[in-house]
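For reference, the chains in residue letters:
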Amino acid sequence: MKLQLWRNATLQLKIHNSTFLIDPMLGGKGTLGKFPWTSDQRENPLVELPFSNDQLRNKLKSIDAVFVSHLHPDHWDEAAINLIDKSTLIICPSAVSEAIASYGFKNIHVLNEQLIFDEITLDITNGQHGTGEIRQKMGEVSGLVLQHGGISVYIAGDTVWCEDVRKVIDTYSPKHIVVAGGAATFAIGDPVTMTAQQIQELAGYAPDSMIWITHLESISPCSEDRTFLTDFLHSHGLQDQCRILNDGEEVELLG
């Protein structure tokens, strides 16, 4: 198994003979503009993808399936709609399937129950994209558990530390957990992605899991950057269990 962070929540995951693309945000720097519910005037995304346009197109040719957890533009943007071949298998929750179909995608699998794909087991999971009023505004989100060869990989998605996440850990005992860090915060309410303290709680709850941290330095609401998280992890002795991924970095997920 190999995991590569492209940028923000966009991941490439190679398992067995298949390559999955998770939550593609493929547009250039600034193409999404200013985000709502924030006074930050910066245009999103804040950074470019770590590939040239030609490299990106070549990488997309190797993708066997795309998982879309929800339709926020930093997980599914206009560039993704235009660049991903319309015959590509799109795996998604039912809440977003009609919208994705409206863009001309012809091969959509609504993941309500377990899916077996190339000997890989896929299960959709729940999460909480914040708390209180901001959670209501952010809407429903999903994560994904992939299992092959006795190893489980849990891509938690845009969620804070909550009972939904604990249930997934209890059910699947994932060897690897990919979380959205950055403590993304809007003008309303508390953070909508995991804070450093929440990642610490997660690490304590799942001491046998390797935790990979994404969703950093790419969109304006994120308030915790790689330097802050690096210092936090070292100060709490978590640097061996929790790894911060850089854009373009590829790692092997060991059993």
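The structure we're discussing is the one just above.
A short tour of the structure in this document, coming up. These figures come from a predicted structure and were not determined experimentally.

## Re the layout of surface pockets
And step 1. Counted as a void, the largest pocket has a volume near 230 Å³.
And step 2. Lining the largest pocket are 17 residues, and of these Phe35, His72, Pro73, Asp74 and Phe186 sit closest to its centre.
And step 3. A breakdown of the residues in the lining of the largest pocket according to their chemical character gives 11 nonpolar, three polar and three charged.
And step 4. Taken as a whole, the second largest pocket spans an internal volume of roughly 150 Å³.

## A few points about the packing of aromatic side chains
And step 1. Going through the model one piece at a time under the given rule, you end up with five aromatic pairs.
And step 2. Ring centres 5.4 Å apart and planes at 80 degrees place the aromatic pair tryptophan 6 and phenylalanine 51 in the edge-to-face group. With tryptophan 6 in strand E1 (residues 2–7) and phenylalanine 51 in the loop between strand E3 (18–22) and helix H1 (53–61), this pair connects stretches of sequence that are 45 residues apart. Pair check on accessibility: tryptophan 6 and phenylalanine 51 agree, each one buried.
And step 3. Lying across the ring of phenylalanine 105, lysine 86 places its NZ or CZ 4.9 Å from the centre.
And step 4. Lying over the aromatic face of tryptophan 161, arginine 166 brings its terminal NZ or CZ to 5.1 Å of the ring centre.

## Quick look at the nonpolar core
And step 1. In this structure, Leu3, Leu13, Phe20, Ile91, Leu122 and Leu146 are the most contacted members of the largest nonpolar core, which totals 26 residues.
And step 2. The greatest single-element share of this core, amounting to three residues, is contributed by strand E2 (residues 10–15).

## Here's the deal with unusual backbone geometry
And step 1. At the junction of asparagine 44 and proline 45, the peptide bond is cis and its omega measures out at -10 degrees in the coordinates.
And step 2. One can find proline 45 in the loop between E3 and H1.
And step 3. Residue asparagine 8 is not a glycine yet carries a positive backbone phi of 60 degrees.
And step 4. Among the structural elements, asparagine 8 can be located in the loop between E1 and E2.
And step 5. Overall, the relative accessible area of 1% leaves asparagine 8 in the buried class.
And step 6. The backbone phi angle of histidine 16 is positive, close to 55 degrees, even though this residue is not glycine.
And step 7. Looking at the secondary structure, you find histidine 16 in the loop between E2 and E3.
And step 8. Looking at histidine 16, the relative accessible area reads 39%, which means it is partly exposed.

## With respect to the pattern of salt bridges
And step 1. Taken as a whole and assessed by the stated rule, the structure comprises five salt bridges.
And step 2. Between arginine 42 and aspartate 40 there is a salt bridge, with the nearest N and O atoms lying 2.9 Å from each other.
And step 3. For glutamate 217, the salt bridge identified is with arginine 226, shortest N-O distance 2.9 Å.
And step 4. Judged by relative accessible area, which is 32%, glutamate 217 ranks as partly exposed.
And step 5. Take arginine 226: its relative accessible area is 13%, and that puts it in the buried class.
And step 6. One network of salt bridges, with partners in common, ties together Glu217, Arg226 and Asp247.

## Considerations on the sheet that holds strand E10 (residues 151–157)
And step 1. With respect to topology, seven strands assemble into an open sheet ordered E7-E8-E9-E10-E11-E12-E13, the strand pairing being mixed. Since the sheet does not close on itself, it has two edges, and those belong to strand E7 (115–117) and strand E13 (242–244), each with one partner. With strand direction ignored, the average angle separating the axes of adjacent strands in the sheet is 20 degrees.
And step 2. The pairing of strand E8 (residues 120–126) with strand E9 (residues 142–148) spans six bridges and is antiparallel. Looking at E9, one finds that threonine 125 is bridged to glycine 143.

About the criteria used
- Residues numbered from 1 in each chain as written.
- Predicted model: local features only at pLDDT ≥ 70, side-chain atom pairs only at ≥ 80, totals over all residues.
- Heavy atoms only, no water.
- 1 Å grid on protein atoms, 1.4 Å probe; cavity = no way out; pocket = protein on both sides within 12 Å on 5 of 7 lines; lining within 4 Å.
- Points joined across faces, edges and corners; volume = space filled by probe spheres on them.
- Nonpolar A, V, L, I, M, F, W, Y, C, P; charged D, E, K, R; others polar.
- Phe/Tyr/Trp six-rings, centres within 6.5 Å; stacked < 30°, edge-to-face > 60°.
- Helix = DSSP H or I, 4+ residues; strand = E, 2+ residues; numbered from the N terminus.
- Buried < 20%, exposed > 50% of the residue type's maximum accessible area, 1.4 Å probe, protein only.
- Lys NZ or Arg CZ within 6 Å of the ring centre and 35° of its normal.
- Core = buried A, V, L, I, M, F, W, Y, C linked by side-chain atoms within 4.5 Å.
- Salt bridge = Lys/Arg side-chain N within 4 Å of Asp/Glu carboxyl O.
- Pairing = 2+ DSSP bridges.
- Axes fitted to C-alpha atoms, helices over the stretch in contact; angles between N-to-C directions.

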